[in-house]
Amino acid sequence: MRIKIKNAVDKLLALSDTAKKSIEFSHNNPHLKGKSVKGKVFLADDNTVQIALTKIVGYSPQYANRSASLLLKDALFQGFGVGSILWTEEDPRTIGDVLPEGTQYFGVGSAPRLDCGGWSLSDDVPVEFLRTEDGACKAGSRVTYSLFKVR
């Protein structure tokens, strides 16, 4: 299901502003007969990327929805490496030129889709401060973020 959701997110984010705002996906586990999930990834009215499961067979709804939400977040934060740009809260606590483990970041890249919930760094990350920039994780919100380049 991870790959199906990641592909749906990639397709959704590649759409132009005038194109449809949802991508459907389905997942059938070949090793677990009788278990499947259908759903869609869509751009909500507040400009956030959301996921909705429309059919769940063989899984508990709570498990399927929780898994889908985590996989959506993983797809939006498709990892980062040297040279990536991390969007953090304005003036995060740094240790020298390092963002410490646990620091929240809300986007990756030069123009990411920002997530209001963010994601925590699982390790210390060496960085170089670039600048501050205003952004919005949903329509009507304005936040100043600090941008750091991963070294």
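Preceding block: the structure.
Not measured: the values here are computed from a predicted model.

A.B. asks: Before we go on, may I ask you to explain helix α1 (residues 2–14) in this structure?
C.D. replies: Along an α-helix, residues three or four positions apart point the same way, because every turn accommodates 3.6 residues. In a regular helix each residue adds 1.5 Å, so 13 residues correspond to 18 Å; α1 covers 18 Å between its end C-alpha atoms and thus fits that length. Taken together, the buried positions of α1 are I5, A8, V9 and L12. When α1 is viewed along its axis, its buried side chains cluster within an angular range of 100 degrees and face the same direction. Seen from the buried face of α1, the exposed residues on the opposite side, beyond 90 degrees, are I3, K11 and A14. Close packing links the buried residues of α1 with β1 (22–28), β2 (36–43), β3 (49–57) and α2 (61–76).

A.B. asks: Just to check I follow, could you spell out the side chain of S141 for this structure?
C.D. replies: Structurally, S141 can be placed in the loop between β8 (125–135) and β9 (143–150). Residue S141 is classed as buried on the basis of its relative accessible area, which comes to 18%. From its side chain, S141 meets the backbone oxygen of K138 in a polar contact 2.9 Å long. Excluding its chain neighbours within four sequence positions, the residues that come into contact with S141 are G135 and A136.

A.B. asks: How should the nonpolar core be read in this particular structure?
C.D. replies: The nonpolar side chains of soluble globular proteins are, as a tendency, buried together. In this structure, I5, V9, F25, V41, V49, I51 and L72 are the most contacted members of the largest nonpolar core, which totals 28 residues. For this core, the elements supplying multiple residues, two or more each, are α1, β1, β2, β3, α2, β8 and β9. The leading source of residues in this core is α2, at six residues. The residues contacting I5, other than those within four sequence positions of it, are F25, I51, A68, L71, L72 and A75. Membership of the second largest hydrophobic core comes to seven residues, among which are W87, F106, C137 and Y145.

A.B. asks: Where do I start with the sheet that holds β3 in this structure?
C.D. replies: Working definition: the strands of a sheet are paired by backbone hydrogen bonds and lie parallel or antiparallel to each other. Strand order in the open sheet formed by three strands is β1-β2-β3, and the pairing between neighbours is antiparallel. Looking at which strands have only one partner, the edges of the open sheet turn out to be β1 and β3. Within this sheet the neighbouring strands show an average axis-to-axis angle of 20 degrees, counted without direction. Sheet topology note: the β2/β3 ladder contains eight bridges and is antiparallel.

A.B. asks: How should α2 be read in this particular structure?
C.D. replies: With 16 residues, α2 extends 22 Å from end C-alpha to end C-alpha; this agrees with the ideal 22 Å at 1.5 Å per step. Along α2, the residues that are buried comprise A64, S67, A68, L71, L72, A75 and L76. What you see down the axis of α2 is that its buried residues fit within an arc of 165 degrees, all on one side. At its buried positions, α2 is contacted by α1, β2 and β3.

A.B. asks: Even after reading the chapter, I still don't get the state of the cysteines, so can you show me in this structure?
C.D. replies: Cysteine pairs can be linked by a disulfide, which is a covalent bond between their two sulfur atoms. For the structure shown, the criterion picks out one disulfide. Through a disulfide, C116 is tied to C137; the S-S separation comes to 1.9 Å. Residues C116 and C137 are joined by a disulfide whose S-S torsion is about 95 degrees; by sign, that bridge is right-handed. On the criterion of sequence distance, the pair formed by C116 in the loop between β6 (104–108) and β7 (119–120) and C137 in the loop between β8 and β9 is long-range, its members being 21 residues apart.

So, how was this worked out
Residues numbered from 1 in each chain as written. Predicted model: local features only at pLDDT ≥ 70, side-chain atom pairs only at ≥ 80, totals over all residues. Heavy atoms only, no water. Helix = DSSP H or I, 4+ residues; strand = E, 2+ residues; numbered from the N terminus. Expected span 1.5 Å × (residues − 1). Buried < 20%, exposed > 50% of the residue type's maximum accessible area, 1.4 Å probe, protein only. Arc of directions from axis to C-beta. Contact = heavy atoms within 4.5 Å. Polar contact = N/O pair within 3.5 Å; in protein donor to acceptor, adjacent residues only side chain to side chain. Core = buried A, V, L, I, M, F, W, Y, C linked by side-chain atoms within 4.5 Å. Pairing = 2+ DSSP bridges. Axes fitted to C-alpha atoms, helices over the stretch in contact; angles between N-to-C directions. Disulfide = S-S within 2.5 Å.

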